[in-house]
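# Report on the structure
Residue-level listing of the chains:
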Amino acid sequence: MRALRYFLDEAVASLWRGAKTTLIAIVTIAVAFFVLGGFLMITTNLERLLSRWQEAAEFSVYLRDEAAAEQRTGIETVLRGSHLVRALEVISKEEALKRFKRDFGALAEATGDLTENPLPASIEVRLVPDANPADVQALAAKASSLPGVADVRYDRQWIQRLTRAVDLVRAGGFGLAAILVLAAALTVASVIRLALVVRREEIHIMQLVGAPLGYIGGPFVVEGLLQGGAGAGIALGMLWMTFLFARARMNPLLINGIDPAGLAFLPLSMIAAILAGGMIVGCIGGLIAARTAREIAD
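Here the structure is a predicted model, which means the values were calculated and not measured.

Rules used in this analysis
- Numbers given for residues are sequential positions, taken from 1 along each chain in its written order.
- Restriction of local features to residues with pLDDT of at least 70 applies here, the model being predicted, together with a cutoff of 80 or more for giving and counting side-chain atom pairs; totals for whole chains, interfaces and linings are based on all residues.
- Only hydrogens and water are set aside; all other atoms, that is, all heavy atoms of the structure, feed into the side-chain values.
- Only protein chains enter the calculation, and the probe is 1.4 Å; a residue is then buried if its accessible area is under 20% of its type maximum, exposed if over 50%, and partly exposed in between.
- What counts as a helix is a DSSP run of H or I of at least four residues, what counts as a strand is a run of E of at least two, and both are numbered from the N terminus.
- A pair of strands is treated as paired once DSSP finds two or more bridges between them.
- Throughout this description, the term salt bridge denotes a Lys or Arg side-chain nitrogen within 4 Å of a carboxyl oxygen of Asp or Glu.
- Orientation is described by lines fitted to C-alpha atoms, with helices fitted over the stretch in contact, and by angles between N-to-C directions that extend from 0 to 180 degrees.
- Polar contact criterion, stated in full: a pair of N or O atoms within 3.5 Å, where within protein one must be able to donate a hydrogen and the other to accept it, and residues adjacent in sequence count only if both atoms are side-chain atoms.
- Working definition: a ring pair exists when centres of Phe, Tyr or Trp rings (six-membered ring for Trp) sit within 6.5 Å. Plane angles under 30 degrees give stacked, over 60 give edge-to-face, the rest tilted.

## Topic: the pairing of strand S1 (residues 59-63)
For S1, the tally of buried residues reaches four of five residues, placing the bulk of the element in the interior. As paired elements, S1 and strand S3 (residues 122-127) share four bridges and run antiparallel to each other. Of the residues in S3, the one forming a bridge with tyrosine 62 is serine 122.

Structure representation (structure tokens):
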């Protein structure tokens, strides 16, 4: 316990003496984990949105205005008879226009100048979980060939494309963050080496009296730990403010589809992981620098 208290006191004193260089290391760590946390927050919210969209209507069959009642009944019969279909809902032209006005408020006024309703009636189909994409494609092709069908939209296709795009964003973000985290660790090591140089004589005396290398390097490891924790904490604070600002500004810019109130900050597990990661990066930088303590003293 006494050794830990000594390490902490010496680390705080060293941080205070080299305030300017310490600030550089903390800012570098903050930038690295801000980038990492930003990508995590973006991809986490995108995954939540994709999950909600997948639960919505995934298969829409648009009907021709001139389609006869028998044709519409035949289309429903074919869809209900498929083992891929969990449920379906028939949307009339009037209901489609009501939904348009409700969901696209900014464009609702434009519909007042129309002499007739341009939106088609449709059948919205919800698929069973884990439906085979090939089977769904076959059902879509079969539905599109039925009399009275104007078009078929298979939502899961573009959702799958978005999922792949999210995976690419995540991979790119992790790659960039890894480079920045490595740079942060090296920056911490460089800053702590400067502190080692300043304390060269003190370290030399400690070695002469038989102080173990671990006791000499301990304060520098703790110094890196504190720098990493401070940098990660600042990054989380910046992420929180950015999240609040973006969510507040997002409302007037979005044309529905995404509810700003449904967006969420990083979960507690990720927050804890970022804090721990910052401290680990700082600790690694301190270890790298502390290993050169004997060389500097010599």
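## Focus on the pattern of salt bridges
Per the stated rule, a full pass over the model turns up two salt bridges. Residues aspartate 65 and lysine 93 are paired through a salt bridge, measuring 3.4 Å at the closest nitrogen-oxygen approach. Of this pair, aspartate 65 sits in the loop between S1 and helix H3 (69-80) while lysine 93 sits in helix H4 (residues 93-103), and the two are 28 residues apart along the sequence. Its salt-bridge partner being arginine 80, residue glutamate 76 comes within 3.7 Å of it at the nearest N-O pair. Of this pair, glutamate 76 and arginine 80 both sit in helix H3, separated by four residues, roughly a single helical turn. According to the relative accessible area criterion, arginine 80 is exposed, its value standing at 54%.

## Some points on the sheet that holds S1
Spatially, S2-S3-S1-S4 is the arrangement adopted by the four strands of the open sheet, whose pairing is antiparallel. Taken across any chain shown, the strands that pair with only one partner, and hence form the sheet edges, are strand S2 (85-91) and strand S4 (149-154). Strand-to-strand twist across the sheet, computed as the mean angle between neighbouring axes with direction ignored, equals 15 degrees.

## Examining the side chain of threonine 44
Its location among the elements puts threonine 44 in helix H2 (residues 19-55). Judged by relative accessible area, which is 17%, threonine 44 ranks as buried. Among the polar contacts listed, one links the side chain of threonine 44 to the backbone oxygen of leucine 40, at a separation of 2.6 Å.

## Some thoughts on the packing of aromatic side chains
Within this structure, the stated rule accounts for three aromatic pairs. A ring pair is formed by tryptophan 240 and phenylalanine 265, whose centres lie 5.1 Å apart and whose planes are at 80 degrees; its orientation type is edge-to-face. A residue pair is termed long-range when its members are at least 10 positions apart, and tryptophan 240 in helix H9 (residues 213-250) and phenylalanine 265 in the loop between H9 and helix H10 (268-290) qualify at 25 residues. Owing to a relative accessible area of 17%, phenylalanine 265 belongs among the buried residues under this scheme. Following the ring pairs from residue to residue traces out a cluster consisting of Trp240, Phe243 and Phe265.

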